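# Working through the structure, step by step
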Amino acid sequence: MSFEIKGKKFDAAPPLMAVPVMGATVEEVNEGMVEAAESIADVVEWRADYFPILTANGFDAERVSDILSDSAEILKDKVFIVTLRSKMQGGEFDGTERDALEFLDFVASSGKADLLDFEYCTFSENRSIIKKIHAKGQKIIASHHDFSGTPDMEVMHHLLYRMATAGSEIVKLAVMPNDNKDLLNLLSVTDEFHSDFPDTPIITMSMGEKGMLSRISGEFFGSALSFASLAQASAPGQLSLADLKDSLEMIHRYRNK
C-alpha cells in the first residue's frame, strides 16, 4: 500500500523531489517558500534550525506560528516538512533537548505541517514521545544523520528497524561515505529494508561527492525521495533541483523503454 500526502506518493517510482528553505528571518523564509512553491519540487522542507526559534525570552511561539501559517498557505499543493536539525546531527540548532521537544510539540499542535522530522536520538529511549506527537494527528519522519562516516551495515539495519517499529510513517537515514564500499552498503541496506518493510517509505542518501550517485539512483533500491537545492544546499552533495530533474528524467526515459 502506497503512502500518500496531497496526491504525492512516497513509493520510489519515481522518487519525489524535495527542496529545503533555510531563511534566518521571517521575510527570508517566506521568500524561500514562495520560490519553492513555484518550483517543480514535490516537497518543501522548512529547516527551522536556521531560524532563531529561541530568543533571550525563550521559545518564540509567535514568529514560529506566523511562519507555519504562512508556509502552509503558500504550500497548499506541496508536501510541507518541518525539520529542526541539531548540531549533533549536522544541523544548526544548539538548544537543549527540552527546547527541541517544545518546538516539535508546538508544530504538531499547530496542525500546519504535513510531516515533522523527528531525530531518532530524541526518542530512542522514550517512545512515548512518538505516541504523544501522533495523538495530535501529526505524521512523522524518523531520521538519523551521520556526517562523520557510514556505520556498519548491521548498525544501519538496526537504526532503520528501530525507527520503523517506533511507529513513524517514514524513516530517513543519511550517512557520509569514505569510499565506494560505503555507498554500496547504504544502497544494499536500503534495498533490504524496502523488501522487509514495503509499507514503510524509506529515504536514504549517501552524502558528499562520493555519495552523489545515491541521490539519482536511490529509487532502484527503494528510496522514495531525493533532496535537491534551490538557493542553498542543506547537505553536501545535493544537486540543484534542475539537475536532479534532468537526471531522473533521463533514467526514466531509458528505464521505461
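Coordinates for the structure precede this section.
Residues numbered from 1 in each chain as written. Predicted model: local features only at pLDDT ≥ 70, side-chain atom pairs only at ≥ 80, totals over all residues. Heavy atoms only, no water.

Looking now at the layout of surface pockets. When its volume is computed, the largest pocket comes out at roughly 210 Å³. Lining the largest pocket are 14 residues; nearest its centre among them are Ser86, Glu97, Ala100, Glu119 and Thr122. When residues of the lining of the largest pocket are traced back to their parent elements, those giving at least two are helix H3 (97-110), strand S8 (115-119) and helix H4 (120-123). In the lining of the largest pocket, the residues fall into seven nonpolar, four polar and three charged. (1 Å grid on protein atoms, 1.4 Å probe; cavity = no way out; pocket = protein on both sides within 12 Å on 5 of 7 lines; lining within 4 Å. Points joined across faces, edges and corners; volume = space filled by probe spheres on them. Helix = DSSP H or I, 4+ residues; strand = E, 2+ residues; numbered from the N terminus. Nonpolar A, V, L, I, M, F, W, Y, C, P; charged D, E, K, R; others polar.)

This structure, assessed with the given rule, holds nine salt bridges. The shortest N-O distance in the salt bridge between Lys87 and Glu92 comes to 3.8 Å. Given a relative accessible area of 47%, Lys87 falls into the partly exposed group. The closest approach of N and O atoms between Glu249 and Lys245, which form a salt bridge, is 2.7 Å. Taken together, the positions of Glu249 and Lys245, both in helix H9 (residues 241-255) and four residues apart, correspond to about one turn of that helix. (Salt bridge = Lys/Arg side-chain N within 4 Å of Asp/Glu carboxyl O. Buried < 20%, exposed > 50% of the residue type's maximum accessible area, 1.4 Å probe, protein only.)

Within the largest apolar cluster, 57 residues are counted, with the highest numbers of intra-cluster contacts made by Met33, Trp46, Ile53, Val82, Phe103, Phe123 and Leu160. One finds Ile5, Ile141, Met176 and Met207 within the second-largest nonpolar core, a separate group that totals 19 residues. (Core = buried A, V, L, I, M, F, W, Y, C linked by side-chain atoms within 4.5 Å.)

This paragraph deals with unusual backbone geometry. At Lys6, a residue that is not glycine, the phi angle is positive and equals roughly 55°. Its location among the elements puts Lys6 in the loop between strand S1 (4-5) and strand S2 (8-9). Given a relative accessible area of 38%, Lys6 falls into the partly exposed group.

All right, on to the side chain of Lys8 then. Here Lys8 lies in strand S2. Look at Lys8: it is buried, it has no salt bridge, and the nearest opposite charge is Asp42 at 4.1 Å. In contact with Lys8, not counting residues within four places along its chain, are Phe3, Leu16, Asp42, Asp77 and Val79. (Lys, Arg positive; Asp, Glu negative; His and termini not counted. Contact = heavy atoms within 4.5 Å.)

Bringing the side chain of Ser168 into the picture now. Relative to the elements of secondary structure, Ser168 occurs in the loop between helix H6 (153-165) and strand S10 (170-175). Here Met163 takes part through its backbone oxygen, which lies 2.8 Å from a polar atom of the side chain of Ser168. Leave out the neighbours within four places in its chain, and Ser168 touches His134, Ile140, Ala142 and Met163. (Polar contact = N/O pair within 3.5 Å; in protein donor to acceptor, adjacent residues only side chain to side chain.)

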